[in-house]
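Inside the fold
Here is how the chains run, residue by residue.
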Amino acid sequence: MPNTYYNKLLANNKEWVEEMKGKDETYFEKLSKGQQPPVLWIGCADSRVPANQITGTLPGEIFVHRNIANMVVHTDMNMLSVLDYAVNHLKVKHIIVCGHYGCGGVQAAMQNKSLGLINKWIRNIKEVYKDNYTELIKISDDQKRFDRLVELNVKAQVYDLAKTSIVQQAWKDETGLQIHGWVYGLNDGIINDLKVSMDSAEHLNNLFRLDLEKTPV
Ligand code: CO
């Protein structure tokens, strides 16, 4: 099966293994014993936004969940399972929702084109557009409006994380969990911290605060 690109991936892997062992002979042995990542990353599936590379971190440091447009959809069992495992078993200290300027998922939400199955996913981003319509409609420049929706979408996902019982229980139990919103710039590699970090439910509309009991220790 002549497929040079595909074969190159496997060759690259062998080279990488040698490189890592060259730096630390016990590298894989140590990693195979378990993981204790301090961070859960909820990012876009976009190939240009790899969590480890852009934060200068190594395997073992970031537990990763990615989907189109870094969404926190409260009925998404995949996201909820990752969140539950990260918070309650791995005991991560930070959850970072990382979007990126130029996100195709967000752009699709600003248009009327039907994309088939993916319409159902994009629908969630259209709701963010609708919720922020009065702000967005004032931005006449298309690019600037697009950039702003990327930011507002990340902010909405951080709030949706805060609305989950998983995050609120961790806050009730005072585990020190913090949640954050970032936007990565594809054209300069810089991360824009949106300063929407939260470490309690106090910024949440009262309607979304759940009555929870502190977990007995
Ligand atoms: Co994207």
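Details of the structure are given in the entry above.
Let me sum up the structure you'll find in this document.

What follows deals with the coordination of the cobalt ion. The cobalt ion binds to the protein through Cys44 (SG), His100 (NE2) and Cys103 (SG); the donor distances cover 2.0 to 2.3 Å. Judged by its relative accessible area of 1%, Cys103 falls in the buried class.

Quick look at the side chain of Thr57 now. If you trace the backbone, Thr57 turns up in the loop between α3 (51-55) and β2 (62-67). Contact partners of Thr57, with chain neighbours within four places excluded, come to Ala51, Asn52 and Ile62.

What follows covers the pairing of strand β4 (residues 178-184). Regular strands place side chains that alternate from one sheet face to the opposite one. Burial runs high along β4: six of the seven residues are buried. Strand direction decides the pairing type here: strand β3 (residues 94-100) and β4, joined by seven bridges, are parallel. Directly across from Val97, in β4, lies its bridge partner Gly181. As paired strands, β4 and strand β5 (residues 191-193) are joined by three bridges and run antiparallel to one another. Residue pairing in the sheet places Trp182 in a bridge with Asp193 of β5. The loop that links β4 with its antiparallel partner β5 comprises six residues; one of these, Gly189, has a positive phi angle of about 80°.

A cluster of nonpolar side chains, Tyr5, Tyr6, Leu9 and Leu10, forms an exposed patch at the surface whose accessible area comes to about 450 Å². A relative accessible area of 61% places Tyr5 in the exposed class.

Inspection of the entire model under this criterion finds five aromatic pairs. Both rings, one in Tyr27 and one in Phe28, keep their centres 5.0 Å apart while their planes meet at 85°; by these two values the pair is edge-to-face. You can call Phe28 partly exposed: its relative accessible area is 29%. An aromatic cluster of at least three residues, connected via ring pairs, comprises Trp16, Tyr27 and Phe28.

Its 21 residues place the ends of helix α8 (residues 142-162) 30 Å apart at the C-alpha level, agreeing with the 30 Å of an ideal helix rising 1.5 Å per residue. Here α8 has its buried residues at Arg145, Phe146, Leu149, Val150, Glu151, Leu152, Asn153, Val154, Gln157, Val158, Leu161 and Ala162. For α8, the side-chain oxygen to backbone nitrogen distance between the N-cap and Gln143 is 3.1 Å, and the N-cap itself is Asp141.

Cut-off values and rules
- Residues numbered from 1 in each chain as written.
- Predicted model: local features only at pLDDT ≥ 70, side-chain atom pairs only at ≥ 80, totals over all residues.
- Heavy atoms only, no water.
- Donors = N, O, S within 2.8 Å, 3.2 Å for Na, K, Ca; no water.
- Buried < 20%, exposed > 50% of the residue type's maximum accessible area, 1.4 Å probe, protein only.
- Helix = DSSP H or I, 4+ residues; strand = E, 2+ residues; numbered from the N terminus.
- Contact = heavy atoms within 4.5 Å.
- Pairing = 2+ DSSP bridges.
- Patch = residues over 30% accessible without salt bridge, like charges linked within 9 Å, V, L, I, M, F, W, Y side chains within 5 Å.
- Areas by Shrake-Rupley, 256 points an atom, 1.4 Å probe, with all protein chains shown as cover.
- Salt bridge = Lys/Arg side-chain N within 4 Å of Asp/Glu carboxyl O.
- Phe/Tyr/Trp six-rings, centres within 6.5 Å; stacked < 30°, edge-to-face > 60°.
- Expected span 1.5 Å × (residues − 1).
- Polar contact = N/O pair within 3.5 Å; in protein donor to acceptor, adjacent residues only side chain to side chain.

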